[in-house]
Structure formats: structure tokens, C-alpha cells
Amino acid sequence: MASAHPSFGEPTASDCGPGASAHRLPIPGRAAGSSTVHYRTAAINGVNVFYREAGPTDGPVALLLHGFPSSSHMFRDLIPKLAHRYHVIAPDYPGFGQSDAPDRSRFSYSFANYAEMIDVLLDQLGAKRYAMYVMDYGAPVGYRLALKHPERVTALIVQNGNAYEEGLRDAWEPIKAYWKEGTEERRNALSFLVSAASTKFLYTDGVRDPTRISPDNWVNDQALLDRPGNKDIQLDLLYDHATNVPLYPAFQAFFRERKPPALILWGKNDKVFAEAGAHAYLRDLPEAELHLLDTGHFALEDQIDVMAPLINDFLDQVNK
């Protein structure tokens, strides 16, 4: 269901910014409608940002923004199902997946920095308008982009991506305590969030049939979390997540004022982002299409057969 815990980070000097070019080789024979996925890297101020790309490059853009502790890997099955018509772009944030994980002393692990980097990547790829699929960490990253370029957002697909206080229930209490007191004691108390047990929990809790969830998910994510220095990166992001909550009113104003078409697909059993956070969107987006799914945080893992047709129908309607 909802992607794990928020990312927060102690701000450090940012190493990212404009001024790098995506390494894009010619793609012989790629035609509109191809479901072939390409695995690419863009250099953004010395940081290699990995992304998956598929579909016609002149098609409507679908930007897929992942959650914690995953990466664009969470969209591996969805991407081919969208690529028949849509130009799909799914990046990994620095510190996640196949992107670089610079040392915290020279890189700012923050949601603001991630949004800036994704903005640069989209400019490099010529993506001037896009529908956004936001999940967990992808929500504050994507919504920061929306505040910067509201005219570029053609639609929202929200899957356990929070923008309301109602979505932050009991699971957030130790994290909120860390926000209030950024002590080593509070920080260390959150170390369990990057443990193997927690990673598996995020994939299996709330799922009706856990045998449908591949262990490759948590094994792959945990291997990346266990890289030297990555625990501190994740705890930095958890602390920085506190900067997202004061932006909720601005996110909500964007919803009300721009009225983007919205499809909300929410794993209702998610203990990270409560179901109440899904219903809250309807206050500002009353025309949104809401589907509550009987699953947990990473809903695509066992509900893709339900979700993919809904997403395609929604995007087709937006782009008709």
C-alpha cells in the first residue's frame, strides 16, 4: 500500500541543478506503440539519475514517481501497459534504485532537491506537459513540481500519496516526535524503518494473498537500503519530510484552483497513509474518481490487473 515512511533530511549543500545532459542513444526502429522499456541515465550536475523510459517519444507524457523504499522498479509491470500510447518516464531519486547515492556531506537529500532534479530531467527530455502518477514520496516530489509549473500538469493519478493531515495517523507518531526533537535519540529510534522486517512489512501487510507478492521486491529494496551510508540518507529524508506538511495547504490550493483531472487508487489497508487521506482529496477535487483497493502500501504488486485498465481508461479520457 502506501509507500513506507516519509523521507526527511538534514539539509546540506545541494549538488544538483541544471546543466547536465541525458545520455540518450539512438533507438533504432522504436515505433509508436512499442512496449519496449529502455534503461537510461541522465547526468544532473555530476549526479547520475537513472530512469526507465518507454512508449512513443511524441506521445502524451506519463511521469511515474515512486515511493519509499522502492524505486522505478515498482512500475516495472505497469510501464509496458501504458507504453502503447504514452511516453512513460519513471526516474529513481538519488539514494534509491540505480541512481547515484552521493555522500550526505556534498548532497542535499531533500524533497525540494528531488523536485528540482526531476524538473531538470524533464526539461532534458523535452517533457513540457505531463500526467503524474504519485505514490508515497512521489506525492511531495510531484506536488512541488506542480507548484512550480502548474500549467504543465495534465492529470493526477494518486496511489497512497498523501497531501492531507488526515492521512498521517498512528504510524507517524515516532516520526513526528523526531520532527519536534531532532535528537540522535529520536533519530536512532527510527532505525527500524530501514530494517528487513519493515521493508517486507510494507509489501505484505494488508494484502489478502501474500503469496502473490514476489520476495524479489523486499530483497532488492533491502540490498539497496543496506549499502554503506544509505541508512543515514533515509533518516535524513524522514526528517526532511517535515517540510512537506506545511506545504499541504499550497498543494490543496493547487487542486482547487487548477482542478486537474484526478484518479485516486488507494490501498485501503495501508498503515502508513491512512484511508482518510484518500477521502480528503474529494474536498478539493470533488470530481476525482476514487477507488479503494483491498490491499496495502504497494498496491500495484497484487492489484495491477484492476489498476492498469483504470489508469489507461483515465489517461485516454484526459487525452482524447
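Our structure's up above, just so we're on the same page.
Residues numbered from 1 in each chain as written. Predicted model: local features only at pLDDT ≥ 70, side-chain atom pairs only at ≥ 80, totals over all residues. Heavy atoms only, no water.

1. Observations regarding the packing of aromatic side chains
Inspection of the entire model under this criterion finds 21 aromatic pairs. Ring centres of Y93 and Y114 lie 5.0 Å apart, and the angle between their planes is 20 degrees; this geometry places the pair in the stacked category. On the criterion of sequence distance, the pair formed by Y93 in the loop between strand 5 (87–91) and helix 2 (111–124) and Y114 in helix 2 is long-range, its members being 21 residues apart. Accessibility classification places Y93 together with Y114 in one group, the buried group. Residues Y248 and F251 carry aromatic rings whose centres are separated by 6.3 Å and whose planes lie at 45 degrees to one another, so their mutual orientation is tilted. Here the residue Y248 and the residue F251 both occupy positions in helix 9 (residues 248–258), the gap between them amounting to 3 residues, near one helical turn. By the burial criterion, Y248 is buried, and F251 matches it. (Phe/Tyr/Trp six-rings, centres within 6.5 Å; stacked < 30°, edge-to-face > 60°. Helix = DSSP H or I, 4+ residues; strand = E, 2+ residues; numbered from the N terminus. Buried < 20%, exposed > 50% of the residue type's maximum accessible area, 1.4 Å probe, protein only.)

2. Section: unusual backbone geometry
Geometrically, the link from F68 to P69 is a cis peptide bond, its omega value of -5 degrees lying close to zero. Inspection of the secondary structure puts P69 in the loop between strand 4 (61–65) and helix 1 (79–82). Not every positive phi belongs to a glycine, and D136 is a case in point at roughly 55 degrees. Tracing the backbone through its elements, the reader meets D136 in the loop between strand 6 (130–134) and helix 3 (138–148). The class of D136 is buried, set by a relative accessible area of 1%. You will see that K259, though not glycine, has its phi angle at about 50 degrees, which is positive. Along the chain, K259 turns up in the loop between helix 9 and strand 8 (262–267).

3. Structural notes on the pairing of strand 5
In terms of residue burial, strand 5 counts as a mostly covered element, since 5 of its 5 residues are buried. Neither face of strand 5 is open: one carries H87, I89 and P91, the other V88 and A90, and all of them are buried. Relative to strand 5, strand 3 (residues 47–54) is paired through 4 bridges, and the arrangement is antiparallel. Its bridge partner lying in strand 5, R52 is registered against A90. (Pairing = 2+ DSSP bridges.)

4. Notes on the packing of helix 6 (residues 196–204) against helix 7 (residues 216–225)
The geometry of a pair of packed helices is captured by two quantities: the angle between their axes and the separation between those axes. For the pair helix 6 and helix 7, interaxial distance at closest approach is 9 Å and the crossing angle is 145 degrees. Between helix 6 and helix 7 lies a crossing of right-handed hand. Here helix 6 contributes A196, T199, K200, Y203 and T204 to the contact with helix 7, which in turn contributes N217, W218, D221, Q222 and L225. Of the residues contributing to the contact of helix 6 with helix 7, the split by class is 4 nonpolar, 4 polar and 2 charged. (Axes fitted to C-alpha atoms, helices over the stretch in contact; angles between N-to-C directions. Left-handed = near helix turned anticlockwise from the far one by under 90°. Contact = heavy atoms within 4.5 Å. Nonpolar A, V, L, I, M, F, W, Y, C, P; charged D, E, K, R; others polar.)

5. A few points about the pairing of strand 2 (residues 37–44)
Strand 2 sits mainly inside the fold: 6 of its 8 residues count as buried. Strand direction decides the pairing type here: strand 2 and strand 3, joined by 8 bridges, are antiparallel. Along strand 3, the bridge assignment pairs A43 with N48. Turn length for the strand 2-strand 3 hairpin, with the two strands adjacent in sequence and antiparallel, is 2 residues, and the turn residue N45 shows positive phi of about 50 degrees.

6. Describing the side chain of D284
When you line up the elements, D284 lands in helix 10 (residues 276–284). There is a polar contact of 3.0 Å between the side chain of D284 and the side chain of R256. In contact with D284, other than residues within four places in its own chain, are Y164, Q252, F255 and R256. (Polar contact = N/O pair within 3.5 Å; in protein donor to acceptor, adjacent residues only side chain to side chain.)

7. Some thoughts on the environment of F251
For F251, a relative accessible area of 1% puts it in the buried group. Remark: the alpha-carbon pair of F251 and A139, spanning 112 residues in sequence, is separated by 9.8 Å. Residue contacts for F251: discarding those within four places in its chain leaves P140, Y143, R144, L147, A163 and N244.

8. Brief notes about helix 8 (residues 230–240)
Counted residue by residue, helix 8 has 8 buried out of 11 residues, so it is predominantly covered. Listed as buried for helix 8 are N230, I233, Q234, L235, D236, L237, L238 and D240. Tucked inside the fold, the buried residues of helix 8 contact helix 2, helix 4 (173–180), helix 5 (184–188) and helix 7.

9. A short note on the pattern of salt bridges
In the structure shown here, the tally under the stated rule is 18 salt bridges. Notably, a salt bridge pairs R187 with D236, separated by 2.9 Å at the nearest N-O pair. Here R187, found in helix 5, pairs with D236, found in helix 8; they are 49 residues apart in sequence, far enough to count as distant. Note on R187: relative accessible area 4%, which makes it buried. Bridged by salt links that share partners, the residues E116, D119, D123, K128, K148, E151 and R152 form one connected network. (Salt bridge = Lys/Arg side-chain N within 4 Å of Asp/Glu carboxyl O.)

10. Examining the nonpolar core
In terms of nonpolar packing, the biggest core is built from 102 residues, with M132, Y133, Y143, F255, Y281 and I311 touching the most fellow members. Apart from residues no more than four positions distant in its own chain, Y133 is found in contact with L63, L64, L65, F75, L78, I157, Q159, L300, M307 and I311. (Core = buried A, V, L, I, M, F, W, Y, C linked by side-chain atoms within 4.5 Å.)

11. Observations regarding the side chain of E53
For E53, the position within the fold is in strand 3. In terms of polar contacts, E53 uses its side chain to reach the side chain of H87, at 2.6 Å.

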